[in-house]
Amino acid sequence: MAAPQKGGDYRGFILLSILLGTRRGAWAGHILYSVPEETDKGSFVGNIAKDLGLEPRELAERGARIVSTGRTQLFALNLRSGSLVTADRIDREELCAQSARCLVNFNILMDKMNLYPIEVEIIDINDNAPRFLMKEMTVKITENTAPGVRYPLNEARDPDVGTNSIQSYQLNSNQHFSLVVQTGDDGAKYPELVLERVLDREEEAVHHLLLTASDGGNPPRSETARIQVTVVDVNDHAPVFSLPQYQVSVPENMPVGTILLTVHAVDLDEGLNGEVTYSFRKITQKILQIFQLNPHTGELSTLEGLDYEVSNYYEMEVQAQDGPGSMTRAKVMITILDVNDNTPEVTVTSVSNLIPEDTPLGTVVALFYLQDRDSGENGEVTCTISENLPFKLERSIDNYYRLVTAKNLDREKLSVYNITLKATDGGTPPRSSETHISMNVADTNDNPPAFPQSSYSVYIPENNPRGASIFSVTAHDPDSQENAHVTYSLSEDTLQGASLSSYVSINSDTGILYALHSFDYELFRDLQLRVTAQDRGDPPLSSNVTLSIFVLDQNDNAPEILYPTLPIDGSTGVELAPRFAESGYLVTKVVAVDRDSGQNAWLSYRLLKASEPGLFEVGLHTGEVRTARALLDRDALKQSLVVAVQDHGQPPLSATVTLTVAVADSIPDILADLGSLEPTADPNASGLTLYLVVAVAAVSCVFLAFVIVLLALRLRRWHASRLLQAAGGGLLGAPASASQFVGVDGVRAFLQTYSHEVSLTAGSQGSHVIFPQPNYADMLISLETCEKKDPLSIDFHECKDEAENIQQAPPNTDWRFSQAQRPGTSGSQNGDETGTWPNNQFDTEMLQAMILASASEAADGSSTLGGGAGTMGLSARYGPQFTLQHVPDYRQNVYIPGSNATLTNAAGKRDGKAPAGGNGSKKKSGKKEKK
């Protein structure tokens, strides 16, 4: 079964090569086997070991395996018996289609680098029956057609070849037709229907025939198709094609839907007899999926993309038929032109990933295969590698290449070689692909670890955190793996009686040094260490390096202010400035020192905050506080300055001091001026205040009129309800909800809703009126809680007390007004922290009246403003939680001319609380006493 082609006794040559330790790149002969298709998996094909002159065990010892470029592995190698067997079922028609001879080529690879070509011929068997593309055929014949006219029929297709293909056609016996079989140039047989007798449509309009196709296999297979012959009226002209055959060549990258050619036939008849339609005649199902023919125009176009690698030639027949059925046929041949649309492929068959440094020249390190599916120049592939590599390419058999060493290898120069195999075809433009192979060079421990420098100097600022990394040393070992694994250690030494290991430690794997203590520049300024690096080779190699650590000073001390010193009691010192000091007058000087040195001790001064900007300036480097301009009468007598002292460290540190500058010629003048400060009366502000007071009075009058009208309506309704009760014999009055809304309590709620705050500022350029949002839930007091029969005889004291018990929540002691938020007629800018009484006579008298009225209503609890006792109506704005304990009690500061008495908190005394303390009366002096 095997037919090896040998040029001599090759077995002795192989044995001699093995004994001498040489390798052959390829075997000169070819081994040919044959096997029928459709054999079972594992069927015997041939004895490879015997034909190669080897024992079966030698195949396994030499690593024999099949190397195939095909997509499917058809054969397998049995290393135990040394025979070649089938790996799967083989279908010859699928593998080689209609080729007369079907050969499968592959190679046997042994010793990783030796190839032996093998060829296996697949023998065809009769496993396919003939198949008609159309099981029913229709033939139209006119009734006046003369005998002897032939009509082509659709032939059957048989994928088998040789005698297993179609050999004969048979027609069932009849009186009018016979069958003639024609043989084409390619050996295919074409059946033709021959008219033997003139047809008579009136006698028989349709004839039914059976056509049988048989192959020459053993046993033979056959297929039958039905023929329907329709007799039509006379049609004396048949369509005629313009060409007997049509040829066209198109590239394989034609877009889908492109018209390849147009067939044209002419029929001289008129009307229906002259209408020509086109259709395929000799065609396979595969061609029907690729091409389409327009039945009216004869345009042949593509349905799918063409691929030269799948098929480079298509042949088909088209027929033209007129209305009655006369037809003619023409052949269409389409040639597909190859386009360079496939990239070359590199398949690595064998590669050595690890190469010793002492590998001899000419050693094969890789074996790979080149392939390009294109044909001609487009399929010619050349392979190249990168330059300056210690390797070269050698061509083996077929398209196999070997990569061999061309120079001595040195792992210390280059430990890994990344080799790029570039395959380029001969197309225009050329296409190429790259495959990367990585090869490692084995190492020996011949290099000790080496530091980049002979010594290192490290500068560390003092106060460094404990455990922080301060430096990193790295030693490089050009060896690899364990030979290049470096460990680090510190030599033993002492500093100030303590071991260096208590100050600094090193990570044995990374070489990172860590500070075990926070260094202090004042204690020591430098350390001397010796670091040892050692690899893990056998024997191990090591090297040393000196490391000097220098401690740097750090800006860790803030400036310390020596003058002015802060008094022990917490108050600020007072500096004196004359009333009429000119610009540049030296008021005082801020003196500060910094315990750091160098740039960290350079100090600069700046004015951080001033009660009156632009009046004073501070020397940047001297700290001298001088007047920036001349003092004026409008300048305040008491000036507050905040001076900042900052060093130039990174980051900078600073300190501040607060200076109080009094504008006076002497200390007694300071005390007199501070006690007689009065707001300056501004005519414009006084006029605006007058307008606001008039507006408030007008609104109050309108409000009073509204209250009177509302009371009158309430009395009228109450009178009407009494009349209805008398007339109805105990009929109830209006609903409680109505009385709750429009009663006296409703008036109180209305008053609370529209309560407003008037802020009259005598010392500013304007005043403002604020209308707060209503808070009905906190102000309405239900009449249902009072339980009174007469709406006009409600005890407001009792109702108010009940409302307080239900709604009044304890005040939040964390919420207080600052001096800038305290209500008053003259604002907070003109009073001191104790709530000094305003100096404007009009404001004083009006505020006295308001406070007296509020104090009275707080005492008897009958306030109509709905705020509750002691609230001065402020709960309408701030809610029920707000009471007079949140604001300063001005009643204790009310000054009555000619008397030393002050108002006291009646409500507070009634509740058992002492009046709010204040030192406003203590500071009444100067012009206030004169008033």
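This is a predicted model, so every value here is computed, not measured.

Examining the pattern of salt bridges
Applying the stated rule across the entire model yields 18 salt bridges. Between R402 and E394 there is a salt bridge, and its shortest N-O distance comes to 3.2 Å. The shortest N-O distance in the salt bridge between R626 and E624 comes to 2.9 Å. Members of the salt-bridge network, linked through shared partners, are R150, E192, R281, E317 and R329.

What to know about the packing of aromatic side chains
Summed over the entire model, instances satisfying the criterion amount to 11 aromatic pairs. Here a set of aromatic residues connected by ring pairs shows up, and it is made of F241, Y246 and Y278.

As for the sheet that holds strand 7 (residues 114-123)
Strand order in the open sheet formed by 4 strands is 1-7-6-3, with mixed pairing between adjacent strands. Whereas interior strands pair on both sides, the edge strands pair on one side only; in this sheet they are strand 1 (31-36) and strand 3 (65-67). Ignoring which end each strand starts from, the neighbouring axes of this sheet average 35° apart. As paired elements, strand 3 and strand 6 (residues 103-110) share 3 bridges and run antiparallel to each other. Opposite R65, over in strand 6, you have L109 as the bridge partner.

So, the nonpolar core
The biggest cluster of nonpolar side chains holds 27 residues, and the ones touching the most others in it are F241, V263, F291, L300, M316, V332 and I334. Elements represented by at least two residues in this core include exactly strand 18 (245-251), strand 19 (259-262), strand 21 (277-280), helix 5 (285-290), strand 22 (291-293), strand 24 (313-321) and strand 25 (327-337). In contact with V332, other than residues within four places in its own chain, are Y246, L261, V263, L300, Y314, E315, M316 and V318.

A look at the pairing of strand 13 (residues 177-183)
Bridge analysis of strand 13 against strand 14 (residues 189-195) gives 7 bridges, and the strand direction is antiparallel. When the bridges of strand 14 are listed, V181 appears paired with P191. Counting the residues in the hairpin turn of strand 13 and strand 14 gives 5 residues, including G187, whose phi is positive at 85°.

Here we look at the state of the cysteines
Evaluation of the coordinates by the stated rule reveals 1 disulfide. Through a disulfide, C96 is tied to C102; the S-S separation comes to 1.8 Å. Disulfide C96-C102: torsion about the S-S bond near 60°, hence right-handed.

Overview of the sheet that holds strand 36 (residues 487-490)
If you trace the 4 strands from one edge of the open sheet to the other, you get 34-42-41-36, paired in mixed fashion. What marks the edges here is a single partner per strand, and that holds for strand 34 (455-461) and strand 36. Within the sheet, the average angular offset between the axes of one strand and its neighbour, ignoring direction, is 30°. Sheet analysis places strand 36 next to strand 41 (residues 526-534), joined by 4 bridges and oriented antiparallel. Within the sheet, the bridge partner assigned to Y488 lies in strand 41 and is A533.

Some points on the environment of L211
Structurally, L211 is set in strand 15 (residues 206-215). When the C-alpha atoms of L211 and F132 are compared, they prove to be 9.9 Å apart, with 79 residues separating the residues in sequence.

Let's talk about the side chain of E252
Here E252 is to be found in the loop between strand 18 and strand 19. R373 provides the closest opposite charge to the buried, salt-bridge-free E252, at an N-O distance of 8.1 Å. Contact partners of E252, with chain neighbours within four places excluded, come to L306, D307, Y308, E309, I336, L337, D338, V339, D341 and D374.

Points about the confidence of the model for the protein
For the protein, the average pLDDT comes to 75, and 71% of its residues sit at 70 or higher. Low pLDDT, under 50, characterises residues 1-28; the stretch is placed with 48 contacts to residues that sit more than four places away or in other chains. Across residues 676-683, where pLDDT falls below 50, the model places 9 contacts with residues more than four positions away in sequence or in other chains.

Thoughts on the side chain of N340
Looking at the element boundaries, N340 is found in the loop between strand 25 and strand 26 (345-351). Separated by 3.3 Å, the side chains of N340 and D425 make a polar contact. Here the side chain of N340 touches P429 through a polar contact of 3.0 Å, landing on its backbone oxygen. With near-sequence residues (within four places) excluded, N340 lies in contact with D374, N378, D425, G427, T428, P429, P430 and R431.

Focus: a negative patch on the surface
A contiguous patch of negative charge, built from D200, E202, E203 and E204, is present on the exposed surface. Here E204 lies in the loop between strand 14 and strand 15. For E204, a relative accessible area of 34% gives the class partly exposed.

About the criteria used
Residues numbered from 1 in each chain as written. Predicted model: local features only at pLDDT ≥ 70, side-chain atom pairs only at ≥ 80, totals over all residues. Heavy atoms only, no water. Salt bridge = Lys/Arg side-chain N within 4 Å of Asp/Glu carboxyl O. Phe/Tyr/Trp six-rings, centres within 6.5 Å; stacked < 30°, edge-to-face > 60°. Pairing = 2+ DSSP bridges. Helix = DSSP H or I, 4+ residues; strand = E, 2+ residues; numbered from the N terminus. Axes fitted to C-alpha atoms, helices over the stretch in contact; angles between N-to-C directions. Core = buried A, V, L, I, M, F, W, Y, C linked by side-chain atoms within 4.5 Å. Buried < 20%, exposed > 50% of the residue type's maximum accessible area, 1.4 Å probe, protein only. Contact = heavy atoms within 4.5 Å. Disulfide = S-S within 2.5 Å. Lys, Arg positive; Asp, Glu negative; His and termini not counted. pLDDT = per-residue confidence, 0-100. Polar contact = N/O pair within 3.5 Å; in protein donor to acceptor, adjacent residues only side chain to side chain. Patch = residues over 30% accessible without salt bridge, like charges linked within 9 Å, V, L, I, M, F, W, Y side chains within 5 Å. Areas by Shrake-Rupley, 256 points an atom, 1.4 Å probe, with all protein chains shown as cover. Charge placed at Lys NZ, Arg CZ, Asp CG, Glu CD.

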